[in-house]
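# Results of the structural survey
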Amino acid sequence: MAQRGIQLDSAKFCCSICLDLLKDPVTIPCGHSYCMSCIKDCWDGEEHKEIYSCPQCRQTFAPRPVMVKNTMLVELLEEVKKMGLQAAPPDLCYAGPGDVACDFCSGRKLKALKSCLVCLASYCEQHLQFHYNAAPLKKHKLVEATVKLQENICSRHDEVMKIFCRTDQQCICYLCSMDEHEGHRKVSAAAERTERQEELGLSRQKIQQRIQDTEKDVKVLQQEVEAISRSADKAVEDSEEIFTELIRLVEKRRSDVKQQIRSQQEEEVSRAEEVQEKLKQEIAELRRKDAELEQLSHTQDHIHFLQNYPSLSCLSESTHSPSINIRPLSYFEDVTAAVSELRDKLQELLSEEWSKISLTVTEVDVLLPQPDPKTRAEFLQYSCHITLDPNTAHTWLSLSEENRKATFMEEGQSYPRHPDRFTDLMQVLSRESLTGRCYWEVEWKGRVYIAASYQDISRTGSRDECLFGCNDKSWALVCDNMNCNFNHNKIQTKTPLPVSSRVGVYLDHRASILSFYNVSETMTLLHRVQTRFTQPLHAGLGLYRNGATAEFCELK
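A brief report on the enclosed structure follows. Quick caveat: nothing in here was measured; it's all calculated off a predicted structure. (Residues numbered from 1 in each chain as written. Predicted model: local features only at pLDDT ≥ 70, side-chain atom pairs only at ≥ 80, totals over all residues. Heavy atoms only, no water.)

## Looking at the overall build of the protein
The helix and strand tally for the protein stands at 11 helices and 23 strands. For 556 residues, the compact-globule estimate of 2.2 N^0.38 gives 24 Å, and the C-alpha radius of gyration of the protein, at 53 Å, exceeds that figure by more than 25%. Out of the 556 residues in the protein, the part that is buried amounts to 29%. In the protein, of all internal contacts separated by at least 6 residues, the share reaching a separation of at least 24 is 55%. Entry remark: accessible area of the protein is about 36,300 Å², with carbon and sulfur atoms responsible for 53%. The averaged location of the 83 negative side-chain charges in the protein is 8 Å from the averaged location of its 69 positive side-chain charges. (Helix = DSSP H or I, 4+ residues; strand = E, 2+ residues; numbered from the N terminus. Rg over C-alpha atoms; globule rule 2.2 N^0.38 Å. Buried < 20%, exposed > 50% of the residue type's maximum accessible area, 1.4 Å probe, protein only. Contact = heavy atoms within 4.5 Å. Areas by Shrake-Rupley, 256 points an atom, 1.4 Å probe, with all protein chains shown as cover. Lys, Arg positive; Asp, Glu negative; His and termini not counted. Charge placed at Lys NZ, Arg CZ, Asp CG, Glu CD.)

If you want it as structure tokens, here you go:
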């Protein structure tokens with residue numbers, strides 16, 4: 001403890017420039033003492049100036065003072081040296097790369113502890129003491145050491161910026177306030193900081209709340225991901241087991257068919273071979289009789305001929321029909337046809353069921369809902385090419401060659417009969433089924449229904465069953481004379497905005513969102529549906545006035 005006190009006393013004999021014990025000490029007019037070489041080097045660097053200042057208290061002198069050695073300090077220093085004291089503190093911390101260096105250290109600079117916003121300089125612990133002790137310096141604003149002090153200097157006037165211009169939202173110096181910022185709304189930088197500090201507190205509260213909300217979302221998503229992974233693993237395992245069982249059943253049926261074919265083959269071959277053997281025996285008997293008859297024909301004995309001919313010419317009746325009833329060669333082709341028919345039915349069934357399975361799988365989404373597009377360019381990223389299905393078109397609708405445009409006609413078209421055709425209402429569906437994110441545009445005229453519908457909507461029957469928007473299988477924007485309504489399941493919603501002649505339709509099937517827009521660069525929303533789609537959708541058009549047209553636009 002005593003040693004520490006001696007060290008503190010020895011610090012009084014340090015040069016505030018080199019931070020070492022004074023060497024050849026000189027005292028300048030303000031009373032502060034320095035090493036002669038230190039103060040000389042300091043002032044030599046200010047030769048271009050007419051006024052010199054004390055590095056500690058900043059008192060100025062003109063002309064440059066004549067430096068005389070302080071003999072009393074020299075004697076005191078000799079006593080200090082005899083006591084064996086060291087002036088340099090044991091824990092000096094020198095500035096390295098990236099550190100803020102003290103502006104007043106000569107030689108190797110110490111790390112700055114504080115920066116002064118008035119002096120626009122940074123100080124180490126030793127040089128900072130003057131700001132704590134000198135009355136004029138105590139009023140200066142000290143902040144954590146920073147290399148950005150020059151940001152406080154006006155680049156135009158080289159003055160400290162202490163004013164904030166609210167008109168131009170920038171910091172200025174007092175000369176700027178009297179020049180180009182004259183007449184502007186101005187406050188002190190401190191006052192603006194106080195107001196912004198309050199805003200900062202509110203901003204931090206919002207950010208912290210957002211962080212908490214986002215962390216909750218992250219946690220929920222993590223739980224959802226884990227649940228999805230467990231469910232997916234079980235679904236794969238169960239599906240593998242089910243498909244293995246299906247394959248086993250098919251294999252068994254294949255084996256049964258093969259066995260039945262082979263069994264029938266053996267039976268038929270055995271029967272044919274038995275008949276074949278009897279026929280061979282009959283042929284041999286007939287040949288024997290033929291040989292005897294030929295021999296009899298050459299005899300000269302008339303009595304012998306007449307006595308033997310009756311017995312030789314009498315043929316026994318054949319045990320088989322003159323034409324053997326053998327099954328045709330296509331016998332087993334019937335089996336092949338039956339198996340092929342079974343295959344086609346299985347493929348059809350698998351195709352129908354697969355769309356349901358695929359849709360069920362794609363409905364699994366562990367991500368947070370994505371925001372809807374805003375500009376037309378963003379919507380066009382999801383554009384899809386849509387064509388009309390002639391097999392669904394009512395006979396009063398005429399389709400263009402490309403099947404992209406429908407026109408209401410007073411006379412029926414010569415379409416062939418088809419089970420998918422609308423027979424009671426002038427409607428048509430698209431060929432393409434729509435899932436995922438899709439966007440299309442319709443140019444319309446007259447009274448038109450712009451719709452999205454399930455494939456299994458009724459094609460004949462009552463209005464409620466067939467008309468787009470009058471059932472739970474379809475959604476429709478009804479456009480007529482620049483006005484529009486939205487219809488679904490017999491519920492009509494009035495749209496307050498006038499509808500343009502081109503309507504954009506945006507579908508996010510996974511998020512179960514269907515939206516209708518007036519087409520422009522900013523895209524004005526007419527109506528938005530948030531529901532749950534259980535099947536792929538088809539684009540639909542309904543035309544209900546003579547001369548009405550609707551066309552899917554070509555998008556690029």
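Still more to cover.
## Regarding the environment of Cys-438
With respect to the element layout, Cys-438 can be found in strand β14 (residues 437-445). Given a relative accessible area of 6%, Cys-438 falls into the buried group. With near-sequence residues (within four places) excluded, Cys-438 lies in contact with Tyr-382, Cys-384, Val-505, Tyr-506 and Leu-507.

## Details of empty space enclosed by the protein
Inspection of the entire model under this criterion finds one cavity of 30 Å³ or more. The computed volume of the largest cavity comes to approximately 60 Å³. For the largest cavity, the full set of lining residues is Pro-55, Gln-56, Arg-58, Phe-104, Cys-119, Tyr-123, His-127, Phe-130, His-131 and Leu-137. Classifying every residue of the lining of the largest cavity by side-chain character gives six nonpolar, three polar and one charged. (1 Å grid on protein atoms, 1.4 Å probe; cavity = no way out; pocket = protein on both sides within 12 Å on 5 of 7 lines; lining within 4 Å. Points joined across faces, edges and corners; volume = space filled by probe spheres on them. Nonpolar A, V, L, I, M, F, W, Y, C, P; charged D, E, K, R; others polar.)

## Thoughts on the packing of helix α7 (residues 189-297) against helix α8 (residues 302-313)
Between α7 and α8, whose axes approach to 10 Å, the crossing angle comes to 160°. Accordingly, the angle class assigned to the pair α7 and α8 is roughly antiparallel. Relative to α8, the crossing made by α7 is left-handed. On α8, the residues touching Lys-289, Glu-292, Leu-293 and Leu-296 of α7 are His-304, Phe-305, Asn-308, Tyr-309, Ser-311, Leu-312 and Ser-313. Tallied by class, residues from the contact of α7 with α8 come to five nonpolar, four polar and two charged. (Axes fitted to C-alpha atoms, helices over the stretch in contact; angles between N-to-C directions. Parallel < 35°, antiparallel > 145°, perpendicular 65-115°, else oblique. Left-handed = near helix turned anticlockwise from the far one by under 90°.)

## So, the side chain of Gln-427
You can see Gln-427 is positioned in strand β13 (residues 427-429). The class of Gln-427 is buried, set by a relative accessible area of 0%. A distance of 3.0 Å separates a polar atom in the side chain of Gln-427 from the backbone nitrogen of Phe-468. For Gln-427, the contacting residues outside a window of four places in its chain are Thr-392, Ala-393, His-394, Leu-397, Phe-422, Cys-466, Leu-467, Phe-468, Leu-541, Gly-542 and Tyr-544. (Polar contact = N/O pair within 3.5 Å; in protein donor to acceptor, adjacent residues only side chain to side chain.)

## A look at the pairing of strand β15 (residues 447-454)
Of all eight residues in β15, seven are buried; the element is thus mostly enclosed. Both β15 and strand β22 (residues 537-543) contribute to a ladder of seven bridges, which runs antiparallel. Each residue of the ladder has a partner; that of Ala-451, found in β22, is Gly-540. (Pairing = 2+ DSSP bridges.)

## Examining the pattern of salt bridges
Under the criterion given, the structure shown has 27 salt bridges. Where Arg-156 meets Glu-180, a salt bridge forms, and the shortest distance between an N and an O atom there is 2.8 Å. In this pair, Arg-156 sits in the loop between β7 (142-144) and β8 (163-165) while Glu-180 sits in the loop between α6 (174-178) and β10 (186-188), placing the two residues 24 residues apart along the sequence. Look at Arg-156 and you get exposed, because its relative accessible area is 54%. When its relative accessible area of 36% is taken as the criterion, Glu-180 is described as partly exposed. Between Arg-254 and Glu-251 there is a salt bridge; the shortest N-O distance is 2.6 Å. Of this pair, Arg-254 and Glu-251 both sit in helix α7, separated by three residues, roughly a single helical turn. For Arg-254, a relative accessible area of 56% puts it in the exposed group. Through salt bridges with shared partners, one network takes in Arg-166, Glu-192, Glu-195 and Arg-196. (Salt bridge = Lys/Arg side-chain N within 4 Å of Asp/Glu carboxyl O.)

## Re the packing of aromatic side chains
The final tally for this structure, using the stated rule, is 14 aromatic pairs. Taking the centre distance of 6.1 Å and the plane angle of 80° together, the rings of Trp-396 and Phe-408 count as edge-to-face. Placement of Trp-396 in the loop between α10 (376-380) and β11 (397-399) and of Phe-408 in strand β12 (residues 405-408) is noted, with a sequence separation of 12 residues between them. Residue class for Phe-408 comes out buried when judged on its relative accessible area of 11%. Through a chain of ring-to-ring contacts, three or more aromatic side chains come together here, namely Phe-379, Tyr-382, Tyr-439, Tyr-506 and Tyr-517. Residue placement shows Arg-459 over the ring face of Phe-422; its charged tip is 5.1 Å from the ring centre. (Phe/Tyr/Trp six-rings, centres within 6.5 Å; stacked < 30°, edge-to-face > 60°. Lys NZ or Arg CZ within 6 Å of the ring centre and 35° of its normal.)

## A word on unusual backbone geometry
The omega torsion of the bond from Ala-62 to Pro-63 falls at 0°, within 30 degrees of zero and hence cis. Considering the arrangement of structural elements, one finds Pro-63 in the loop between β4 (60-61) and α3 (71-82). Although it is not a glycine, Gln-169 adopts a positive phi angle of roughly 55°. Structurally, the position occupied by Gln-169 is in the loop between β8 and β9 (170-172). Owing to a relative accessible area of 46%, Gln-169 belongs among the partly exposed residues under this scheme. Positive phi, normally seen in glycine, also occurs at Met-482, with a value near 70°. Under the relative-accessibility criterion, Met-482 is labelled partly exposed at 41%.

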